[in-house]
Structures are given as structure tokens and as C-alpha cells.
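Below are the chains, spelled out letter by letter.
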Amino acid sequence: MTKIVGKVKVKLNNTEISIVNITIDANFGSMIKPIVSTVLDFSDAAARKVKALTEEESNPDLKLRVSVYGGGCSGFQYTFSLDEEVKENDKTVQNQGVTLVIDPMSYQYLAGSEVDFSEGLEGSMFVVNNPNAKSTCGCGSSFSI
């Protein structure tokens, strides 16, 4: 199977230039999707939860770190941790006075996503709404691209 994935500039309506993701697969044809955003969104619900956790721990220096690692039932998995440190090349997103931290390797898989906090039948958890994920597992903690 031959598969080519990349980003290209295209001219729409003879005036508008846009950057799109393009996938060409020898078995399934081609697909072009506009790139919605390269920014990672940090929802108000997730920011409120991080703020509550920092207050509970009496440590205002805590930040939410989201990372992507190989593994899980779909190929990659998300991990969340509280961290006091922001490393030199980390990306940060601020909301409501708290910080979300993403390492550069993970950022490439998360660009355009939203980090949110969900409470439901499965319990309370941070979740990633990732438009780049082609599939996810039932629990939502692993994905494939």
C-alpha cells in the first residue's frame, strides 16, 4: 500500500489561497481536508479543573502537562500529569490563570485539538478532542493518525 500524507497550498476560487492536509492512498484514492487550526485549545472546563487541583494541592505553580506516547490499543495514547516545570521548547496555552504544557514531539499530534475535562458515566477525566485522529479506542485515551 502506498500512502502519501502532507500539507499543500491550494488556490480556491482563483483568489483565496489555503493550506490543506492531503492524503493519497493507492487503495482508497485521495482526500483533501482544510487545516482548521494549528493552535491547541484549552477549554474552560479543563482550566477550572486544573485551577481546583492547584488549590487542592496548595501549589499555584502546578500546570497540566499533556503528552502523546506510542502504545494503547490504537497506536498512540494521551497522558496527563501535573508538573511545575516548563522546559525550554515546551509550548504553553493559558486559560483562567492556569497553564497547559505540551512538549514539541507531542504537539505535532495535538495541533488543532482541544483539551477538555469531562464528567460522565466513565468518571471524571481530561480528554483530547483531536480532529487529526483517524480512530480512537472506546475509552478515548488512545488514537491513531
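Structural data are supplied above this passage.
Thresholds applied
- Residues numbered from 1 in each chain as written.
- Predicted model: local features only at pLDDT ≥ 70, side-chain atom pairs only at ≥ 80, totals over all residues.
- Heavy atoms only, no water.
- Salt bridge = Lys/Arg side-chain N within 4 Å of Asp/Glu carboxyl O.
- Helix = DSSP H or I, 4+ residues; strand = E, 2+ residues; numbered from the N terminus.
- Buried < 20%, exposed > 50% of the residue type's maximum accessible area, 1.4 Å probe, protein only.
- Phe/Tyr/Trp six-rings, centres within 6.5 Å; stacked < 30°, edge-to-face > 60°.
- Lys NZ or Arg CZ within 6 Å of the ring centre and 35° of its normal.

### Some thoughts on the pattern of salt bridges
A complete count under the given rule lists two salt bridges for this structure. Where R65 meets D83, a salt bridge forms, and the shortest distance between an N and an O atom there is 2.8 Å. Taken as a pair, R65 in strand β5 (residues 63-70) and D83 in strand β6 (residues 76-83) lie far apart in primary sequence, 18 residues in all. An identical accessibility class is assigned to R65 and D83; each is buried. With a closest N to O distance of 2.8 Å, D90 and R65 form a salt bridge. You can see D90 sitting in the loop between β6 and β7 (91-95) and its partner R65 sitting in strand β5, a full 25 residues away along the chain. Its relative accessible area of 7% is what places R65 among the buried residues. The structure contains a network of salt bridges with shared partners spanning R65, D83 and D90.

### A word on the packing of aromatic side chains
Following the criterion strictly, the structure yields two aromatic pairs and no others. With a centroid separation of 5.1 Å and 65° between ring planes, the pair formed by F117 and F126 is classed as edge-to-face. Here F117 matches F126 in class, with each residue buried. The aromatic ring of Y107 is capped on one face by K91, whose charged end is 5.4 Å from the ring centroid.

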